[in-house]
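# Inside the fold
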Amino acid sequence: MFLNYLKLKNFRNYTYLEHKFKKRKTLFVGKNAQGKTNLLEAVYYLSALSSNRIKKDSELIKFGENECTISGNCIKCDVEVSLDVIINPPKNKILKVNGLKKTKSQEFLRVLQVVNFSSADLMLMRGEPSDRRKWLDLAICQIYGAYYDKLAKYNKIRLQKSNFLAQFSHNSGLLEAFNTQMSIAAANIVYLRIKFLKELEKIAAKKHRTVSQGENLTLDYDCDLPKGLCVKELSEIIYEKLNSIKDDEIRRAQCLFGPHRDDVSFFINEIDAKKYASQGQQRTLVLALKLAELDIIKEKTGETPLLLLDDVLAELDNVRQNYLLNAIGDDTQTIITSVDTLAFDDEFLADVDIIKISNGKKI
Ligand SMILES: Nc1ncnc2c1ncn2[C@@H]1O[C@H](COP(=O)(O)OP(=O)(O)OP(=O)(O)O)[C@@H](O)[C@H]1O
Ligand SMILES: [Mg+2]
């Protein structure tokens, strides 16, 4: 997969930017607050229609303007595809693939495949369980589009059950009906999350072992359920669990059990990495997860996703930096940002398109 072309209009601090990507590796260099992260955010948004820096799409519009546009042109399976997003609240955003309007975001999402690695990803280690669930869900959606619907279904049932618990919990027949539906929807989510994490662990552990020179990485899906079960077995156990906590749920008017409360644990040599790993170890761990994600997407979709590296290379020591640069295959389009080129060795820079960014413009 190759992003040929990017155009931004009134996006963040860019009034207008056009860029043609010429090489597999592009390095955007600029001082702080010039628009480097904004640019990567635009590419990521074109893939995921979301960004971890925003609550509302309107934050992406340049101050004082009413709408913004992000357009891209990529080669996917040897075919050229154009993508346009127009954000103009309060109307719904307009999505176009090859100039044709798409009403469902599903038809637009991940036409462009991207794996993003920035310091914000360290929230995987330092953040809340909800940060890890969000990461896991997004990663699964990248390779298995139907997961998005399964997740939406579970969340809808959970919301309905929460409303029910808050208002009519004396109706035990209806609560049982909710629990039946919820246990099936929950089992689908838990099953896919465990399966994905197992696959990710295999690849990530290998990458992690090389860079950390022998440390052993393991991942665990944190839920109060036995492992190794099929969807049907899971849904039966979840149903029993929900039944056993019925009175508690009614009393507290909350959904107290299910994948919306689960978490992921990371262990380095069997020690809990969230609690005890050093900053460098945490960074390496997240890096290994990202590279593993990229490999899985490549294997499942046959397309190599774009890799976005926002300011992360300069923070790694030489060994890890070289490992990362070597680990990126020549077929991977990589867009990197940095405040300068000092952190990179000459061999790497020889084959990189270096673009200077200043105050929302290429210079
Ligand atoms: N909606 C917006 N409209 C106009 N400017 C914005 C908007 N959102 C953010 N900016 C500005 O964009 C500027 C550049 O932000 P960006 O995060 O891309 O910087 P950066 O080049 O990555 O800097 P750093 O090296 O510090 O990470 C910031 O000064 C910010 O105020
Ligand atoms: Mg930045």
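Quick caveat, the model's predicted, so the values are computed rather than measured.

## A word on the pattern of salt bridges
One pass over the structure, following the stated rule, counts 17 salt bridges. Each member of the salt-bridge network shares a partner with another, and the members are Arg 12, Glu 41 and Arg 53.

## Details of the side chain of Arg 12
Structurally, Arg 12 is set in the loop between strand 1 (2–11) and strand 2 (14–20). Engagement of the side chain of Arg 12 in a polar contact is seen with the backbone oxygen of Glu 59, the distance being 3.4 Å. Discounting residues that sit within four places of it in the chain, Arg 12 has contacts with Asn 38, Glu 41, Arg 53, Ile 54, Glu 59, Leu 60, Ile 61 and Lys 62.

## Quick look at the domain arrangement of the protein
Per the domain assignment, the segments of the protein are domain 1 (1–113 + 303–363) and domain 2 (125–298). The straight-line distance from the C-alpha centre of domain 1 to that of domain 2 is 29 Å. Contact with domain 1, which involves 19 residues of that partner, is made by 18 residues of domain 2. Between domain 1 and domain 2, roughly 1,800 Å² of surface is buried when both sides are summed, and carbon and sulfur atoms account for 60% of that area. Contact with domain 2 buries surface across domain 1, with Arg 110, Arg 320 and Tyr 323 losing the most and accounting together for 33% of the total. At the boundary of domain 1 and domain 2, one finds one salt bridge.

## Comments concerning the site of ligand 1
Lining the immediate environment of ligand 1, one finds 15 residues, of which Ala 33, Lys 36, Thr 37, Asn 38 and Ile 61 sit closest. Here an oxygen atom of ligand 1 and a backbone polar atom of Asn 38 are 2.9 Å apart. Calculation on ligand 1 without its partners gives an accessible area of 650 Å², and the protein chains cover 75% of this total. Its residues placed into classes, the shell around ligand 1 shows three nonpolar, six polar and six charged.

## Some words on helix 6 (residues 231–244)
Side chains that are three or four residues apart share a direction in an α-helix, a result of its 3.6 residues per turn. The terminal C-alpha atoms of helix 6 lie 20 Å apart, and with 14 residues this matches the ideal 20 Å at 1.5 Å per residue to within 8%. Residues of helix 6 that are buried: Leu 234, Ser 235, Ile 238 and Leu 242. The buried residues of helix 6 occupy one face: seen down the axis, they fall within an arc of 95 degrees. Exposed residues lying more than 90 degrees from the buried face of helix 6 are Lys 232, Glu 240 and Ser 244.

## A closer look at the packing of helix 4 (residues 146–167) against helix 5 (residues 172–211)
The geometry of helix 4 relative to helix 5 is characterised by a closest axis approach of 9 Å and an angle of 150 degrees between their N-to-C directions. The pairing of helix 4 with helix 5 is recorded here as roughly antiparallel in orientation. For the crossing formed where helix 4 meets helix 5, the hand is left-handed. On helix 5, the residues touching Tyr 147, Lys 150, Leu 151, Tyr 154, Ile 157, Arg 158, Gln 160, Lys 161, Phe 164 and Leu 165 of helix 4 are Leu 174, Leu 175, Phe 178, Asn 179, Gln 181, Met 182, Ala 185, Ala 186, Asn 188, Ile 189, Leu 192 and Arg 193. Residue composition of the contact of helix 4 with helix 5, by class: 14 nonpolar, four polar and four charged.

Cut-offs and rules
Residues numbered from 1 in each chain as written. Chains lettered and ligands numbered in written order. Predicted model: local features only at pLDDT ≥ 70, side-chain atom pairs only at ≥ 80, totals over all residues. Heavy atoms only, no water. Salt bridge = Lys/Arg side-chain N within 4 Å of Asp/Glu carboxyl O. Helix = DSSP H or I, 4+ residues; strand = E, 2+ residues; numbered from the N terminus. Polar contact = N/O pair within 3.5 Å; in protein donor to acceptor, adjacent residues only side chain to side chain. Contact = heavy atoms within 4.5 Å. Domains from an automatic or database assignment. Buried area = accessible area lost by both parts, 1.4 Å probe. Near = heavy atom within 4 Å. Areas by Shrake-Rupley, 256 points an atom, 1.4 Å probe, with all protein chains shown as cover. Nonpolar A, V, L, I, M, F, W, Y, C, P; charged D, E, K, R; others polar. Expected span 1.5 Å × (residues − 1). Buried < 20%, exposed > 50% of the residue type's maximum accessible area, 1.4 Å probe, protein only. Arc of directions from axis to C-beta. Axes fitted to C-alpha atoms, helices over the stretch in contact; angles between N-to-C directions. Parallel < 35°, antiparallel > 145°, perpendicular 65-115°, else oblique. Left-handed = near helix turned anticlockwise from the far one by under 90°.

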